[in-house]
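Spelled out from the first residue to the last, the chains are:
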Amino acid sequence: MVLEVIVALPLAGWLINGLAGGRLPRGVVGAIGCGTVGAACAASVMAAGDPAVAGGGLTATLFTWLSAGEFTVSAGLFMDRLSALMALVVTGVGFLIHVYSIGYMADDPAYARYFAYLNLFVASMLLLVLGGNLLVLFVGWELVGLCSYLLIGFWFDRERAASSGRKAFIVNRIGDAGFLLGILLLATTAGNLQFDRLAAASGGMAPGLLTAATLLLFAGATGKSAQLPLYVWLPDAMEGPTPVSALIHAATMVTAGVYMIARLHPLFLHAGYTLSVVAAVGAVTAFFAATVALVEWDLKRVLAYSTISQLGYMFLAMGVVMMPAGMFHLTTHAFFKALLFLAAGSVMHAMRGVVDMRRLGGLAGPMRWTAAGFAVGGLALAGVPPFAGFFSKDLILEGAFEWAQRGGAMLVWIAGLATAFVTAVYVTRAMMLTFAGPAADPGHPHEAPAVMGLPMAVLAALSFGGGLLGARVAGEPLLRYLEPFFVDSAIGVLKDRPMPAAGVITALPVAVSLAGILAGFALYRDRREVTLGALGRFLSHQWYIETLYDAVIVTPAKRLAHLLADVVETRGIDGAVNGVGALVGRAGLAVRGLQTGFVRNYAAAILAGTILMLGYWLFR
Amino acid sequence: MVVEVIIFVFAALGALAGGLGVVASRLPVRNALSLLLVLGSLAVTYLLLAAQFIAVLQVIVYAGAIVVLFLFVVMLLHRQLGAMSPDRLRWQGPVAIGLSAAFLILMLLTLRFATNAAAPAPAEFGTVESVGRALFTSFALPFEVASVILLVGIIAAVVIGRPASRPVAAPPRSSAPSPVGAPRR
Amino acid sequence: MSVPLEAYLALSALLFVLGTTGVLVRRNALVVFMSIELMLNAVNLTFVAFARQRLAIEGQLAVFFVVVVAAVEVVVGLAILIAIFRTRDTVDIDDVDLLRG
């Protein structure tokens, strides 16, 4: 019962704000938007406390959705340890960002529409993480994509926002096509989409088929979680309101791919090379996005590339079979990246929408609390102990190192380490350019109102202390909590884990991060524009990946569309239609003489026809 | 049964002569009266075929009502019926005769002249009673439908026959002003 | 000797063809109607003849319904004829050719 309530609460908020929000006072709209999510958060806490969650899982079957012979799918919800963690992250961070939005969107005319979309998103995301089978998950998966589209294009009267929304939607479609194919492949081979039965059936499935299915599912994950090669939509998604970027494009939706792999990890474990592919894609994406963030001037786009990079870490963790660490990083990342985005939003709020870091600067003075929040988030992102990001990132790198020792590629670990360095540099750069030095742009920046400051404060506390969830000194409560979920797949990484073989493995990431911060500090201390020469050009064109896509996919597709529209459509299809019309017209002209209008001619024709039939009958 | 053959020959000759009159005569009254001859002759053959009720029906409905209706119309349209504009379909006549001849030959070809003589008819076959019995039992529904058709026909005739208050495709000559207060359609 | 079935059928065929000839050749709408009656009667004759041959009363019932429909047809047809005459002042069916293509 409580599971339905969790999903239904934000859904009700969506209905109320969507249908009647325009006529309600703003305070009521905001209260409904935040209240439903807050209540969903409370319900999630309640549900997570249910002993069934820690056991086999809490289930709620609503109705039988599909039934075709042996194959049945029921519309049902399901909460186990993994879902409980995700639901808490979604509703918890979601609630904070909702509260923040009250202040951030206070002057927007489409206030009710904003909260309606945001509530719909939370409901969809909860459906995704609480779905009892792959098909329900897929419904949530598509719904969050829809909400993402709606919210990126929230200011649809801006051309760039509208086209970015479309871009996100279309790029996600590519991945989702693979995802759907993967689901269908699993449905036909395993005959079931229930998570537990899929896990049970995965051992007996043909390895080739399983590899294909998991790779297709991973294709969906690369779209939703903005990994190479489908990352291109996420930087553009920053056209949406900043709280949306924080909630959807940093903390929750983009982590759906990670959640999906964790949810289906028995399949991925049995599926040959898939996890190696996941690790490679994650490592390459992490490094690539971090380097691009190094030269980006748009503060929000820096954070977007940072998100892509951090998601790469999570996939890396999944790929090196350090899944609890991946989920741990997902959680801490939700905290500190949401904090960074909210701080950036606070800056935008104060500077009337300016996000270009060349026009920012010196904000540490007037916006002391925002700057502090950004600093906490940045230190967490850079992986400086004792901030939250340190613990999770460190655990991932540790897993990568062990994986390499078990026969995996050492390059993955090296890429992770290099990314940690670059991450520290770009975080320092963003920090310096935005908050240090003299004010670059005249204006009267002011500190954010309390309704925006409080969520940031909470998130800052979580970013600072969230690492305790997985810190060895604190007994790794989160990892121990998730362990039963992952242990049946015989990962066993956590159990009896020896202290790292060499202390240097743990020390190295910290050293690298600190070195990055120092390097960033040295480079950007006096706010110089560091161009990095040809390398900078290469990076500021995002490694020419989008250029390549334009040349290889977009331009040929447009050419083909023009060919179809201008030649095939006008001459071929229109021509055929018009030709048929003209043919009929000419034939009519040719035979209109037969239609004399004389009844006697018609009668003669009838008689002639009768004679023919009678003759045929007689002489056949 | 030679008498029967003789009667048939006379009736057949009468029917054919009447048919020829219907088709060939230039005087509408003569056409109508020729039709009467055909109908009467056929009534006689119906009697030969043990269809007393149909024969009576033929005389009452066809000869009595329909032919009289034709005659009424002939009287109504009297002054116009004779005059005809020159024929514009010059090929229609020969083609029609050719087609009709071909049709007749084909129909005659279907006859075999080998059918066994019919069994003697029971006394009650074709009487009013037997026809009525069939009509009111197994054919009750078509019978009722027929009555509806008659009703529809009557209404249709009344509606069509009313003087048009505004002629639809009025040629110049017939645009007579309609009486005041005539029902408009 | 009695009259064979085929004699009736031959008479029917002759009358029917006379009717078709009338419809095809004559232009006077009234005569065309009469020719149609002729054709209907020719068909009636075959019905009655077959009914006698097979001793099936249904043939005669068919004639009954044909007569009913023929009566309606004549009534409506003649009403149309008069309406045409009233508006176009003619009974030549060749003059009624509004459906010319």
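Model, not experiment: these values are computed from the prediction.

Cut-off values and rules
Residues numbered from 1 in each chain as written. Chains lettered and ligands numbered in written order. Predicted model: local features only at pLDDT ≥ 70, side-chain atom pairs only at ≥ 80, totals over all residues. Heavy atoms only, no water. Helix = DSSP H or I, 4+ residues; strand = E, 2+ residues; numbered from the N terminus. Contact = heavy atoms within 4.5 Å. Areas by Shrake-Rupley, 256 points an atom, 1.4 Å probe, with all protein chains shown as cover. Polar contact = N/O pair within 3.5 Å; in protein donor to acceptor, adjacent residues only side chain to side chain. Buried < 20%, exposed > 50% of the residue type's maximum accessible area, 1.4 Å probe, protein only. Pairing = 2+ DSSP bridges. Core = buried A, V, L, I, M, F, W, Y, C linked by side-chain atoms within 4.5 Å. Domains from an automatic or database assignment. Buried area = accessible area lost by both parts, 1.4 Å probe. Axes fitted to C-alpha atoms, helices over the stretch in contact; angles between N-to-C directions. Parallel < 35°, antiparallel > 145°, perpendicular 65-115°, else oblique. Left-handed = near helix turned anticlockwise from the far one by under 90°. Nonpolar A, V, L, I, M, F, W, Y, C, P; charged D, E, K, R; others polar. Salt bridge = Lys/Arg side-chain N within 4 Å of Asp/Glu carboxyl O.

Caption draft 1: Just the overall build of chain A, in detail. Check the secondary structure of chain A and you find 25 helices and two strands. In chain A, 80% of the contacts between residues at least 6 apart in sequence involve partners at least 24 apart. When the accessible area of chain A is evaluated, it comes to approximately 24,100 Å², of which 70% is carbon and sulfur surface.

Caption draft 2: Up close: the side chain of A:T370. Residues and elements named next belong to chain A. Within the element layout of this structure, T370 appears in helix 17 (residues 368-382). One polar contact links T370 to E447, side chain to side chain, over a distance of 2.6 Å. Ignoring anything within four residues of it in the chain, the contact list for T370 reads A343, S346, V347, F435, E447 and M456.

Caption draft 3: Quick peek at the pairing of strand 2 (residues 71-79) of chain A. All names here are of chain A. In terms of residue burial, strand 2 counts as a mostly covered element, since eight of its nine residues are buried. Here strand 1 (residues 58-68) runs beside strand 2; their pairing, made up of nine bridges, is antiparallel. Looking across to strand 2, one finds that A68 is bridged to F71. Once strand 1 ends, the chain turns through two residues before running back antiparallel as strand 2, passing G69 with a positive phi of about 65°.

Caption draft 4: Fine view of the nonpolar core. Formed by 201 residues in total, the largest nonpolar core has its most connected members in A:M79, A:M125, A:L186, A:W233, A:M260 and A:M327. The biggest single contributor to this core is helix 16 (residues 323-350) of chain A, with 18 residues. Each of domain 1 (1-190 + 213-264) and domain 2 (271-523) of chain A accounts for three or more of the residues forming this core. If we skip the residues at most four places from it in the chain, A:L186 touches A:L134, A:G191, A:N192, A:L193, A:L198, A:M205, A:L210, A:A213, A:L217 and A:L267. Grouped together as the second largest cluster of nonpolar side chains are 84 residues, B:V23, B:L35, C:A29 and C:F65 included.

Caption draft 5: Structural context of unusual backbone geometry. Cis rather than trans, the peptide bond between A:L228 and A:P229 has omega equal to 5°. Looking at the element boundaries, A:P229 is found in the loop between helix 9 (207-224) and helix 10 (233-236). In this structure, the amide linkage connecting A:P385 to the following residue, A:P386, adopts the cis form with an omega of 5°. Tracing the sequence through the fold places A:P386 in the loop between helix 17 and helix 18 (388-405). Even without being glycine, A:V321 reaches a positive phi, approximately 60°. Tracing the backbone through its elements, the reader meets A:V321 in the loop between helix 15 (299-319) and helix 16. Since its relative accessible area comes to 14%, A:V321 is described here as buried. Its identity as a non-glycine residue notwithstanding, B:A50 has a phi of 60°, on the positive side.

Caption draft 6: Spatial organisation of the interface of chain A and chain B. Counting residues at the interface gives 13 residues for chain A and twelve residues for chain B. At the boundary of chain A with chain B, total buried surface from both sides reaches about 1,100 Å², with 79% on carbon and sulfur atoms. It is A:F598, A:R600 and A:I611 that lose the most area in chain A upon contact with chain B, and together they represent 41% of the buried surface on that side. Counting across the interface, chain A meets chain B through two residue pairs in polar contact (both at pLDDT 80 or more).

Caption draft 7: Looking closely at the packing of helix 15 of chain A against helix 18 of chain A. Residue and element names in this part refer to chain A. Packing of helix 15 against helix 18 brings their axes to within 9 Å, and their N-to-C directions diverge by 40°. Viewed along their axes, helix 15 and helix 18 adopt a mutual orientation that is oblique. Our pair here, helix 15 against helix 18, has a crossing hand that is left-handed. Contact residues: Q310, Y313, L316, A317 and G319 in helix 15; K393, I396, L397, A400 and W403 in helix 18. For the contact of helix 15 with helix 18, the residue count by class is seven nonpolar, two polar and one charged.

Caption draft 8: Expanded view of the packing of helix 1 (residues 2-24) of chain B against helix 2 (residues 28-48) of chain B. Residue and element names in this part refer to chain B. Put simply, helix 1 and helix 2 touch, their axes get as near as 8 Å, and they point 155° apart. Here helix 2 runs roughly antiparallel to helix 1, going by the angle between their axes. Considering only the axes of helix 1 and helix 2, their crossing is left-handed. Residues E4, I7, F8, A11, G14, A15, G18, G19, G21 and V22 of helix 1 touch helix 2, and the partners they reach there are N31, S34, L35, L37, V38, S41, V44, T45 and L48.

Caption draft 9: View of the pattern of salt bridges. Applying the stated rule across the entire model yields 13 salt bridges over all chains. Of the charged contacts in the structure, one is a salt bridge between A:E296 and A:R301, with a shortest N-O distance of 3.6 Å. Side by side, A:E296 and A:R301 carry an identical accessibility label, which is buried. For B:E129, the salt bridge identified is with B:R133, shortest N-O distance 2.8 Å.

Caption draft 10: Representation of the interface of chain B and chain C within the structure. Chain B puts 95 residues into the contact, and the matching count from chain C is 75 residues. Each partner contributes to the roughly 7,500 Å² buried at the junction of chain B and chain C, and carbon and sulfur atoms together form 76% of this total. Between chain B and chain C we count zero salt bridges in total. Here chain B and chain C share nine residue pairs in polar contact (both at pLDDT 80 or more) between them. Those elements giving two or more residues to the side of chain B that touches chain C turn out to be helix 1, helix 2, helix 3 (52-76), helix 4 (78-81), helix 5 (92-109), helix 6 (128-136) and helix 7 (140-161) of chain B.

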